[in-house]
Amino acid sequence: MFVSDFRKEFYEVVQSQRVLLFVASDVDALCACKILQALFQCDHVQYTLVPVSGWQELETAFLEHKEQFRYFILINCGSNVDLLDILQPDEEAVFFVCDTHRPVNVVNVYSDTQIRLLIKQDDDLEVPAYEDIFRDEEEDEEHSGNEGDEGSEPSEKRTRLEEEIAAQTLKRRQRREWEARRRDVLFDYEQYEYHGTSAAMVMFDLAWLMSKDLSDMLWVKYVTDVGVLQRHVSRHSHRREDEAHALSVDCARISFEYDLRLALYQHWSLHDSLCNTCYTAARLQLWSLHGQKRLQEFLADVGLPLKQVKQKFQSMDVSLKENLREMIEESANKFGMKDMRVQTFSVHFGFKHKFLASDVVFATMSLMESPEHGSGTDSFTQALDSLSRGNLDKLYHGLELAKRQLRATQQTIASCLCTNLVVSQGPFLYCALMEGTPDVALFSKPASLSLLSRHLLKSFVCSTKNRRCKLLPLVMAAPLSAEQGTVTMVGIPPETDSSDRKNFFGRAFEKAAEGTNSRALHNHFDLSVIELKAEDRSKFLDALVTLLS
């Protein structure tokens, strides 16, 4: 069921308890976890944190800890499946689920005792009505009782029996019609996967309601709705009642601003940022010689010498940096890049350290999916620590990993486009990375592969002249384990200007795998990501083409 009062029905319930916190391995869940940790530390709430990357880890961790806890908090996992059916908990166990994945499973919505959904109901949820999904079995058993009185005449018994048979026949027909309507209702409700309000935003709103929303919490929350966060930024920035407090605001100052749509440019060279940002690389088509020539023309139009552009941004001449944003935006309009300026917010630590919200997202995601940390728990811990003000060295390390990730992404995109690896399968585009491809290990994780897929689709749409292909979604595969012969596949919706990008590949993957008996594993919280045996890929794709045609 949905929790209406997060403070009374959630926080005050767990405040005096020892709780188990399951956190998914994504940036939004990481930020929500950081905010909730700060609240728990304020009120001395005892908790155990367990990072989980998929359903198998969640089930294993729950079985290991279920005897020690009664209250469980799940962040960005658990809302889009029947949680009670998967975990099989004891009746006294209570689950608080804060998850951005949609649609919410109807069993979770109508579970009145064990499932408590920390989800904003002003999201466009469109949950089916209870009577359209569930039916009381007592109604079907009403007519299976008395066959008739022994003292009645045979003719009366026969008439009564005929009436009962007719009533039961009508009842069965009505049930079949109801079940058919139920299948249609559930199909319409569950066919698309999308995301609602971020978990970090939900947790920050809870902190705000409790008047415990520190500025550190605000910068930890990466931007998902700039318009909503702007009022919080303004409120925190104007808390300057005396000089001492003004000094503390300067030490961690958050500001709302317009900035360039260039990845990590303040921690990189402007040239590297232009070459490895998806937006500029796709618009200028930098994988081609013509695109490289256009980049030179763009820099000449801006009026920036190559010597300045290729050195670190912090080392550029101050006179060039003063009006850099306006100069780049003006020239970008001439080259078809009309969305070069974006709304964002930045955080300043003292007078030296400045980070944009997008910088933090890239850094934490790279730390979380970096192969250098070994176990997933270590990577999660590194990424979580990087969000603390006292661990800026880990954040800077994450920025270096993010640069490597962005370079590898653009190099892989260039390779795929130049060798025509993106092919049309009819209802969708398909691209497969081969074993031995440079940096292919970086794309075995779902978030990195999804990022590559989105950037590849955007670049392909900018380069192709086929109008039909511009409207197609993309399925991408990358090697997962050479020893086990498995691949990771991800489905990306069509590249559109609309922000409402619903993904239909989750249910399609499930049906294609079932229909072909493919050895597939639906282990990820995002249903549009699937693990598959490499030798089953051909029949799986054939079934997917048939299903979507």
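Bear in mind the structure is a predicted one, so any value in this text is a computation, not a measurement.

(A) Region of interest: the packing of helix 2 (residues 27-42) against helix 20 (residues 376-385). Between helix 2 and helix 20, whose axes approach to 10 Å, the crossing angle comes to 65 degrees. At the point where helix 2 passes helix 20, the crossing takes the right-handed sense. Across from Leu30, Cys33, Lys34 and Gln37 in helix 2, the residues of helix 20 making contact are Phe380, Ala383 and Leu384. Across the contact of helix 2 with helix 20, the residue classes break down as five nonpolar, one polar and one charged.

(B) How the structure looks around a negative patch on the surface. Together, Glu67, Asp90, Glu91 and Glu92 give the surface a local cluster of negative charge. The residue Glu92 is located in the loop between helix 4 (83-87) and strand 4 (94-98) in this model. The class for Glu92 is partly exposed, based on a relative accessible area of 47%.

(C) Structural context of unusual backbone geometry. A cis amide bond, omega 5 degrees, links Arg102 with the succeeding residue Pro103. Inspection of the secondary structure assignment puts Pro103 in the loop between strand 5 (101-102) and helix 5 (106-109). Of note in the backbone geometry, Gln88 takes a positive phi value of approximately 50 degrees without being a glycine. Positionally, Gln88 belongs in the loop between helix 4 and strand 4. Look at Gln88 and you get exposed, because its relative accessible area is 51%. In this structure, Glu126 is a non-glycine residue whose phi angle is positive, near 55 degrees. On the secondary structure map, Glu126 appears in the loop between strand 6 (115-117) and helix 6 (130-133). Relative accessible area serves as the criterion here: at 58%, Glu126 is assigned to the exposed category.

(D) Molecular detail of the packing of aromatic side chains. Overall, the coordinates contain 20 aromatic pairs when judged by the stated rule. Lying across the ring of Tyr279, Arg261 places its NZ or CZ 4.3 Å from the centre. The side chain of Lys502 reaches across the aromatic face of Tyr194, ending 4.8 Å from its centre.

(E) Structural detail: the pairing of strand 16 (residues 529-533). Extensive coverage of strand 16 is indicated by the burial of four of its five residues. Pairing geometry for strand 14 (residues 486-492) and strand 16, over five bridges, is antiparallel. The residue bridging Val487 from the neighbouring strand is Leu532, located in strand 16. Bridge count between strand 15 (residues 520-521) and strand 16: two bridges; the pairing is antiparallel. Within the sheet, the bridge partner assigned to Leu521 lies in strand 16 and is Glu531.

Calculation criteria
Residues numbered from 1 in each chain as written. Predicted model: local features only at pLDDT ≥ 70, side-chain atom pairs only at ≥ 80, totals over all residues. Heavy atoms only, no water. Axes fitted to C-alpha atoms, helices over the stretch in contact; angles between N-to-C directions. Helix = DSSP H or I, 4+ residues; strand = E, 2+ residues; numbered from the N terminus. Left-handed = near helix turned anticlockwise from the far one by under 90°. Contact = heavy atoms within 4.5 Å. Nonpolar A, V, L, I, M, F, W, Y, C, P; charged D, E, K, R; others polar. Patch = residues over 30% accessible without salt bridge, like charges linked within 9 Å, V, L, I, M, F, W, Y side chains within 5 Å. Areas by Shrake-Rupley, 256 points an atom, 1.4 Å probe, with all protein chains shown as cover. Salt bridge = Lys/Arg side-chain N within 4 Å of Asp/Glu carboxyl O. Lys, Arg positive; Asp, Glu negative; His and termini not counted. Charge placed at Lys NZ, Arg CZ, Asp CG, Glu CD. Buried < 20%, exposed > 50% of the residue type's maximum accessible area, 1.4 Å probe, protein only. Phe/Tyr/Trp six-rings, centres within 6.5 Å; stacked < 30°, edge-to-face > 60°. Lys NZ or Arg CZ within 6 Å of the ring centre and 35° of its normal. Pairing = 2+ DSSP bridges.

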